[in-house]
Each structure stands twice: as C-alpha cells, then as structure tokens.
Protein chains: 2
Amino acid sequence: MILSVPLPQAYRLLNHGPVTLVGSAHGTTTNVMAAAWVMPLDFDPPKVALVIDKNTLTRALVDASGEFSLSIPGRALAGQTLRVGSFSGRERSKLAGENALETLPAEFISAPMIAGCSAWLECRVIPDHHQQQRHDLFVAEVVAARADDQAFADGRWTFLDEAFRTLHYVAGGHFFLTGEDLDMSRNG
Amino acid sequence: MILSVPLPQAYRLLNHGPVTLVGSAHGTTTNVMAAAWVMPLDFDPPKVALVIDKNTLTRALVDASGEFSLSIPGRALAGQTLRVGSFSGRERSKLAGENALETLPAEFISAPMIAGCSAWLECRVIPDHHQQQRHDLFVAEVVAARADDQAFADGRWTFLDEAFRTLHYVAGGHFFLTGEDLDMSRNG
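Cut-offs used in this document
- Residues numbered from 1 in each chain as written.
- Chains lettered and ligands numbered in written order.
- Predicted model: local features only at pLDDT ≥ 70, side-chain atom pairs only at ≥ 80, totals over all residues.
- Heavy atoms only, no water.
- Contact = heavy atoms within 4.5 Å.
- Buried area = accessible area lost by both parts, 1.4 Å probe.
- Salt bridge = Lys/Arg side-chain N within 4 Å of Asp/Glu carboxyl O.
- Polar contact = N/O pair within 3.5 Å; in protein donor to acceptor, adjacent residues only side chain to side chain.
- Helix = DSSP H or I, 4+ residues; strand = E, 2+ residues; numbered from the N terminus.
- Nonpolar A, V, L, I, M, F, W, Y, C, P; charged D, E, K, R; others polar.
- Pairing = 2+ DSSP bridges.
- Least-squares fit on C-alpha atoms with pLDDT ≥ 70 in both.
- Buried < 20%, exposed > 50% of the residue type's maximum accessible area, 1.4 Å probe, protein only.
- Axes fitted to C-alpha atoms, helices over the stretch in contact; angles between N-to-C directions.
- Phe/Tyr/Trp six-rings, centres within 6.5 Å; stacked < 30°, edge-to-face > 60°.
- Lys NZ or Arg CZ within 6 Å of the ring centre and 35° of its normal.

Undergrad: Summarise the interface of chain A and chain B; cite the residues concerned and give the values.
TA: Across the boundary between the two partners, chain A contributes 52 residues, which contact 52 residues of chain B. Buried area between chain A and chain B, both sides added, is near 4400 Å², and the carbon and sulfur share of it is 62%. In terms of surface lost to chain B, no three residues of chain A exceed Trp37, Phe176 and Leu182 of chain A, which account for 17% of the buried area on that side. Taken together, the connections running from chain A to chain B amount to two salt bridges. In this structure, the salt-bridge partner of arginine 75 of chain A is glutamate 180 of chain B, at a minimum N-O distance of 3.3 Å. Linking chain A with chain B are 21 residue pairs in polar contact (both at pLDDT 80 or more), by the criterion used here. When residues of the side of chain A that touches chain B are traced back to their parent elements, those giving at least two are strand S4 (38-43), strand S5 (46-51), helix H2 (78-84), helix H3 (129-135), strand S10 (137-148), strand S12 (156-157), strand S13 (167-171) and strand S14 (174-183) of chain A. A per-element tally of the side of chain A that touches chain B places S14 of chain A first, with ten residues. Its residues assigned to classes, the side of chain A that touches chain B shows 28 nonpolar, 14 polar and ten charged. Pairing of S14 of chain A with strand S14 (residues 174-183) of chain B, which is carried by seven bridges, proceeds in the antiparallel orientation.

And the structure:
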C-alpha cells in the first residue's frame, strides 16, 4: 500500500544514496531518466540537489516546467533503471510503447512518477539560473513524498519485500543493493 | 596498500552514495565531521557537491581554507563515523586526545584525511558565495583520489576485506552496509 511520508522525514528516502528515476513533463511531452547524482539538501522544508545534464530531454522539460519527480526503484526495477539510463527520450519514448515504464500521477506536479517503485518525491525547482548553467545543478523543494509500506514505513526503510530493496549505481551496468542494517546506536 | 585512483574514475568512489568523513584545516586547527549529503557533480575534471551547515567548525575551516578532504569509511569505522557526527569540534577535538581518529596527510591540500578508510578524495572549493550562503551548498574540484586496494582497485569497488565495505547513513545511528553486487550489464 502506498502511504504518505511526512515531509520532515522525506530526506530519509534519499539519505542512503539510492539511484533515482527523474520524471518530467511539459505540455504533452513526458520523460524519465536515471540519476544517481541526487542528495538531500535540507530537512524541513525538505530540499534536494540534483544534477541534470544540459543535453538531456529531462533538462529541457525541467527548465520549462520547474518541476520533477524522483521515483526510487527497487531490485525488481534494476533492469529498467539501467535501460532508461541508456538512451535519450529524444530518440524514443520511455513511457509509451513497448517496454514502457508504467506511471503513476503525482499529486502536486504534472511530472509522472514510476509505478512499482519503493518511494516517490514531488519536487519544485528553486530557480538559480547561474548554478543550473554553470554546474547543471538544480536545487528543489520537496512538496510531497510517498512510499510503499513494504519498503518504508514509520520513518524507516524496512524492505519487507525484497523486490523493493533499493539500488546504488556504480558504473557500467553495476549496482549495489542496499545491504545489511547496522544499528550503531546500540553500541555506544 | 593505498593506491592512486585516476581522476576520471574518482566519481566511482562516491557514485553509490556512501557516507563520508569531511576533513578540514586552517592554521593549526583541524577537524572532521560526518557527511552523507555529498555527491559527484562531474566526471573529468571530477567535481563534487557537499552540504556544510553554517553552524559547524568544518564550515569555518572550509570557508577560510577553500579546501576539504573526503574520507570514505568502511564497516570497521562505523562507530567512529557516528561518534564524530555526534558533537562539534568546537566542543573538543576529534583528532587529538582519547578516542581520536588517526589521520593521514593529503598530497595537495592541508586538510587531514582519516586513516583506515576505504578511499579518499582531496577537494578544492570552487567559490560561489551565493550558493554557499543560501543553501550551505559547496561545489569543489577533486584534485587527487586514492583507495585501499582491498576496497577499490582497477576502477571498481571489490571489498576484498569486509572491514572496508562502505556505509550508507540513514538516521538515528542506523547505517546500511553496501550490499550485494547486481551486474545488470549481463542481462541486457
């Protein structure tokens, strides 16, 4: 079941550094790309930083709309995550036709979110033309967050269903799964 | 054995989103803090983005010196990573006295690096006063990178020694270890 994540806990969805799928839309054009270069930037209101290369369709859509979604895929979507990172939405659609990813509507933004993921964040860009141009670096406020309760519940990742275990991208088609929980609060 | 990492591969040390230890120095003052909010920002020359809160001693030292180191701790240093994230270097030194972390000298910067870690990056801030003030967000160029060859070799994380397996911080003293390798390049 998909449940809301209170905004002050939204940073916990990204704090461990999982790979994400960035959803974007402008007019009738939609797209999704894989992005590992994303991190929390503030707790409350939650903010994120994200790198979006100038050459991508996502960049054009985010520049035009000022919005994007972050979907956090689990193990079951590793192949699709690699696939949507391997070609541009300008070549062919990743969200329509054969092998298309299924989408979910966001609540506050028009960018699509990817169905079957472990968690989702809806983000509105905080404009900073200089930083966006110089480093392809976007800062955005998180306006809504949700998670599948088989992955994340009561403010913590539980991965009750292994299909939702999150992914960390390295390079060359290699991911690491999020591994063993290490609770150091009990040790000291 | 500690080996150099070619600069175009340096992003691979951070791409999977591990927690880091930020080393800083100015004059005779040195410090280290834990930071999960760090990500690669470019490949070659490699750049990183890092959040450094205004209230930290690290911020004062980085503002003054324009430099910091990133040390990537493994499992064996999880307790120390939590510990140095739990109080300010203004209260007492984290690098001298009882329970102090051992340091290694960097090659190109004066900030100390933490001994026993899995990998290290030496970083020079690319000044952007506005972004630093507004979002505590620093962009820096990576000028050198090294790794322990029991953790990372030939451009890949190997974790030959489990003590070097990297950590992902969530909240409340909880880490995830970097988990199972998932090679999707063979499936596509």
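Undergrad: Which residues make up the relation of the copies chain A and chain B, and what are the values?
TA: Both copies of the chain are placed relative to one another by a rotation about an axis and a shift along it. Of the transformation placing chain A onto chain B, the axial shift is 0.0 Å and the rotation is 180°, giving an RMSD of 0.0 Å. Both chain copies can therefore be described as sitting about a two-fold axis.

Undergrad: Help me get a handle on the side chain of threonine 166 of chain B, residues and values and all.
TA: Residue and element names in this part refer to chain B. Residue position: threonine 166 is located in the loop between strand S12 (156-157) and strand S13 (167-171). Given the relative accessible area of 0%, threonine 166 is considered buried. Here histidine 16 takes part through its side chain, which lies 2.9 Å from a polar atom of the side chain of threonine 166. Those residues in contact with threonine 166 that lie beyond four places of it in its chain are His16, Pro18, Ile72, Pro73, Gly74, Ser118, Trp157, Phe159, Phe176, Leu177 and Thr178.

Undergrad: Lay out the environment of alanine 111 of chain A with the relevant residues and their values.
TA: All names here are of chain A. Relative to the elements of secondary structure, alanine 111 occurs in the loop between strand S7 (103-104) and strand S8 (113-114). By relative accessible area, which is 2% here, alanine 111 ends up buried. C-alpha separation for the pair alanine 111 and glutamine 133, spaced 22 residues apart in sequence, amounts to 22 Å. Alanine 111 has contacts with Gly23, Ser24, Ala25, Glu67, Phe68, Ser69 and Ala106, leaving out every residue within four places of it along the chain.

Undergrad: So what about the pairing of strand S9 (residues 119-125) of chain B? Which residues, and what values?
TA: Residue and element names in this part refer to chain B. Summarising burial for S9: six of the seven residues are buried, a large majority. Of the pairings in the sheet, the one linking strand S6 (residues 67-72) to S9 comprises six bridges and is antiparallel in character. Bridge pairing in S9 links phenylalanine 68 to cysteine 123. For S9 and strand S10 (residues 137-148), the ladder comprises seven bridges, and the chain directions are antiparallel. Residue cysteine 123 lies in a different strand from S10, and its bridge partner there is valine 142.

Undergrad: Give a description of the environment of alanine 34 of chain A that names residues and reports values.
TA: Residues and elements named next belong to chain A. Note on placement: alanine 34 falls in strand S3 (residues 29-35). The exposure class of alanine 34 is partly exposed, given its relative accessible area of 27%. Put simply, alanine 34 and glycine 116 are 82 residues apart on the chain and 15 Å apart in space, counted from C-alpha to C-alpha.

Undergrad: Now, about helix H1 (residues 57-65) of chain A: what can you tell me, with residues and values included?
TA: Residue and element names in this part refer to chain A. Along H1, the residues that are buried comprise Leu57, Thr58, Arg59, Leu61 and Val62. Those residues of H1 hidden inside the fold are in contact with strand S2 (20-26), S3, strand S6 (67-72), strand S9 (119-125), H3 and S10. One or two residues past the end of H1 sits glycine 66, with phi positive at roughly 70°.

Undergrad: Report on the sheet that holds S14 of chain A, specifying residues and quantitative values.
TA: Judged by pairing direction, the sheet is antiparallel, and its four strands sit side by side in the order S13(A)-S14(A)-S14(B)-S13(B) without closing on themselves. With partners counted over all chains shown, the strands left at the sheet margins are S13 of chain A together with S13 of chain B, one partner each. Between one strand and the next, the sheet's axes are offset by a mean angle of 40°, whatever the strand orientation. Two strands pair when backbone bridges link them, and S13 of chain A and S14 of chain A are joined in this way by four bridges, in the antiparallel orientation. Within S14 of chain A, the residue paired with histidine 168 of chain A across the bridge is phenylalanine 176 of chain A.

Undergrad: If you had to explain the packing of aromatic side chains to someone new, which residues and values would you point to?
TA: Summed over the entire model, instances satisfying the criterion amount to 14 aromatic pairs over all chains. Between the aromatic rings of tyrosine 169 of chain A and phenylalanine 175 of chain A, the centroid separation amounts to 5.0 Å while the plane-to-plane angle is 65°, which identifies the pairing as edge-to-face. This pair shows no difference in class: tyrosine 169 of chain A is buried, exactly as phenylalanine 175 of chain A is. One aromatic cluster is present, built from ring pairs that chain together Phe152, Trp157 and Phe159 of chain A together with Phe176 of chain B. Here arginine 92 of chain B stacks its cationic end above the ring of phenylalanine 87 of chain B, 3.9 Å away from the centre of that ring. Note that lysine 94 of chain B overlies the ring of phenylalanine 87 of chain B, its terminal NZ or CZ placed 5.3 Å from the centroid.

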